[in-house]
Amino acid sequence: MASVLIVDFGSQTTQLIARRVREAGVFCEMISCAKAEKKLQDMRPNAIILSGGPASLSAEESPRPAESIWEQGVPVLGICYGMQSMVEKCGGRVLPHDKREFGHREIDISNENPLFKGMNAKQNVWMSHGDQVSEISDQFEVLAQSETCPVVAVKHREKPWYGVQFHPEVVHTQEGKALLANFLFNVADLPSDWRMDSFCDQQIAAIREQVGSQKVLLGLSGGVDSSVAAALIHKAIGDQLVCVYVDHGLQRAGETEGVKKLFGDAFKMDLRVVHAQDRFLAALSGVTDPEKKRKIIGHTFIEVFDEESFKIRDVDFLAQGTLYPDVIESESFSGAPTAVIKSHHNVGGLPEEMKLKLIEPLRELFKDEVRVLGRELNLPSNVVDRQPFPGPGLAVRILGEITQERLEKVRAADAIVREEIDAGLSSGAIEDELWQWFAALLPVKSVGVVGDARIYADTIAVRAVMSTDGMTADWPWLPKEVLGRISNRIINEVKGVARVVYDISSKPPATIEWE
């Protein structure tokens, strides 16, 4: 099977490159620029893509591609920082630009070539750079330029090396998918021979090899990620999998009952339910900082799992449904210099002294890919198509201190939001493809009037977003009637709420969750 190695220089969108390559039916792996040397020896890829990154080549400590990359004799595509490092390697110059370019730019393709085959001579692309190529050596020729950037794309005159200053992996680049497909099929001449069933088979084999005859403890929440992880691991090792559901008191209405019915009764998995509501609330008492909340929840989860594994005996592995958006927002992928956005309880909250070894079979997948895998594993649609729910649960939908009273308040408001939007989606009143919809409790009180009496009560924010992978998101124009019913019901049915607001923030700059 053909393969592509993506060398990560720390761009927040590197995994999107991998996603586009997999969408094209070509197998790929990602590796940190610091670890590329050994990976090249083991993998022997058919093509290499160098990602963008936050560093500047003018800084002495900035990373450079491993020397062996240039010795592979395979096609190479450099994106943004990757192109700059390629040009520099061959004697060109990269200098800081007068002002940083971020956003749409129109480019002109000046030379016919395989990379831009079948594409418009003028097109909009997405730029994100502070440095740019100021001079190329005679080894390269310029393929495209813009008003502000004289070297937007290059090609080596003798070797199959190409570079683009913009980001073809993001949806904002008009013909980005076409460009990547041209590199894969016109430049590298690779077959489209990788599918999700191949990933499924590969992961099953890897899990069997890693686990052997030992037991695996899976933290099951009932969400898409942990459900698909459970189905995948169960297919690999059967009864060696023990699913543990922690009833931490931070779930949405009806969550615990639904998990018991589906996994315990329908799937017949070994499901252990641990009641730990008081323990989590005590640990979170008085904590308002969102990072501390996530860390506390992560540590408490691991403590519970360690204790449960001791009761079960002979458990050596902890399985999690960690996805790549969790990883990229919590830490750098494979050690690359990616900027940290926020910690996730199942990534940044793991203690160094944790006794169990980790299994994270979904770690390199986006949510939509996980849904495809779930269908491959024959999971029911009500599980596969379920909207995302954060690992820390309602703890990150309560801004400020977490108390039992505030939990009940946001849980009741969230149930109303889900009921009304679900009904709107079913009836066709809401036509947008929604990714997530929920309620958040804000640490803001305002004046209201109920029954001719003045009250000073809480504020609920309604959040709904459209997305395909969770990395970027936009807000939908929900019908006025739907928003009206949500507001009316929350104020009338949830005691202590005087105001309901609708969040119209996109990601970026906001995140989907409030914390």
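The structure we're discussing is the one just above.
What counts and how
- Residues numbered from 1 in each chain as written.
- Predicted model: local features only at pLDDT ≥ 70, side-chain atom pairs only at ≥ 80, totals over all residues.
- Heavy atoms only, no water.
- Pairing = 2+ DSSP bridges.
- Helix = DSSP H or I, 4+ residues; strand = E, 2+ residues; numbered from the N terminus.
- Axes fitted to C-alpha atoms, helices over the stretch in contact; angles between N-to-C directions.
- Contact = heavy atoms within 4.5 Å.
- Parallel < 35°, antiparallel > 145°, perpendicular 65-115°, else oblique.
- Nonpolar A, V, L, I, M, F, W, Y, C, P; charged D, E, K, R; others polar.
- Disulfide = S-S within 2.5 Å.
- Buried < 20%, exposed > 50% of the residue type's maximum accessible area, 1.4 Å probe, protein only.
- 1 Å grid on protein atoms, 1.4 Å probe; cavity = no way out; pocket = protein on both sides within 12 Å on 5 of 7 lines; lining within 4 Å.
- Points joined across faces, edges and corners; volume = space filled by probe spheres on them.
- Lys, Arg positive; Asp, Glu negative; His and termini not counted.
- Salt bridge = Lys/Arg side-chain N within 4 Å of Asp/Glu carboxyl O.
- Polar contact = N/O pair within 3.5 Å; in protein donor to acceptor, adjacent residues only side chain to side chain.

Caption draft 1: Spatial organisation of the sheet that holds strand β16 (residues 453-465). Pairing in this open sheet of three strands is mixed, and the strands run β15-β16-β17 from one edge to the other. Unpaired on one side and paired on the other, β15 (436-450) and β17 (497-502) mark the two borders of the sheet. Neighbour-to-neighbour, the strand axes of the sheet open up by a mean angle of 25°, direction not taken into account. With five bridges connecting them, β16 and β17 associate as parallel partners. Residue pairing for β17: D458 is matched across the bridge by V497. Across the sheet, helix α13 (residues 404-427) is in contact with β15, β16 and β17; its angle to β15 comes to roughly 120°. Together, β16 and β17 form the strand contacts of helix α14 (residues 480-493), whose direction differs from that of β17 by roughly 155°.

Caption draft 2: Representation of unusual backbone geometry in the model. In this structure, P508 follows K507 across a cis peptide bond, with omega equal to -15°. Looking at the secondary structure, you find P508 in the segment after β17. The linkage connecting P508 with the following residue, P509, adopts the cis geometry, with an omega of 10°. Mapping P509 onto the fold places it in the segment after β17. Not every positive phi belongs to a glycine, and R44 is a case in point at roughly 50°.

Caption draft 3: View of the sheet that holds strand β14 (residues 357-359). Pairing in this open sheet of five strands is parallel, and the strands run β12-β11-β10-β13-β14 from one edge to the other. Of all the strands in the sheet, just β12 (271-275) and β14 have a single pairing partner and so form its edges. Averaged over neighbouring strand pairs, the angle between their axes works out to 30° when direction is ignored. As defined by bridge partners, strand β10 (residues 215-219) adjoins strand β13 (residues 315-319) across four bridges and the pair is classed as parallel. Bridge assignment links V216 to a residue of β13, and that residue is F317. Where helix α5 (residues 196-211) meets the sheet, its contacts fall on β10, β13 and β14, and the angle it forms with β14 comes to roughly 165°.

Caption draft 4: Main features of the packing of α5 against helix α11 (residues 367-376). Two elements in contact, α5 and α11, have axes separated by 10 Å at closest approach and are oriented at 75°. Classified by the interaxial angle, the pair formed by α5 and α11 is roughly perpendicular. In this structure, α5 contributes M196, D197, F199 and C200 to the contact, and α11 contributes E369, V372, L373 and E376. Counted by class, the contact of α5 with α11 contains five nonpolar, no polar and three charged residues.

Caption draft 5: Seen up close, the state of the cysteines. The final tally for this structure, using the stated rule, is zero disulfides. Here C33 stays free of any disulfide, with the sulfur of C80 as its closest cysteine sulfur at 14 Å. Assessed through its relative accessible area of 12%, C33 is described here as buried. Considering cysteine sulfurs only, C80 is the nearest to C149, which forms no disulfide, with 9.4 Å between them.

Caption draft 6: Structural view of the layout of surface pockets. One number sums up the size of the second largest pocket: a volume of about 460 Å³. Counting residues per element, the ones that place at least two in the lining of the second largest pocket are β2 (27-32) and α5. A total of six residues in the lining of the second largest pocket trace back to one element, the largest contributor, which is α5. Considered class by class, the residues forming the lining of the second largest pocket number eleven nonpolar, four polar and six charged.

Caption draft 7: Highlighting the side chain of E169. Inspection of the secondary structure assignment puts E169 in the loop between β9 (161-164) and α4 (176-187). Buried charged residue E169 carries no salt bridge. Nearest counter-charge: R20, at 7.6 Å. At a separation of 2.8 Å, a polar atom in the side chain of E169 contacts the side chain of H167. Beyond its immediate sequence surroundings of up to four residues, E169 is in contact with T13, L16, I17, R20, I79 and L180.

Caption draft 8: Just the pattern of salt bridges, in detail. For the coordinates displayed, the defined rule picks out 29 salt bridges. Close ionic contact of R22 with E369 constitutes a salt bridge, the shortest N to O distance being 2.9 Å. Of the two residues, R22 is situated in helix α1 (residues 14-23) and E369 in helix α11; the sequence distance between them amounts to 347 residues. Exposure class is identical for R22 and E369. Each is buried. One network of salt bridges, with partners in common, ties together R19, R20, E23, K177 and D368.

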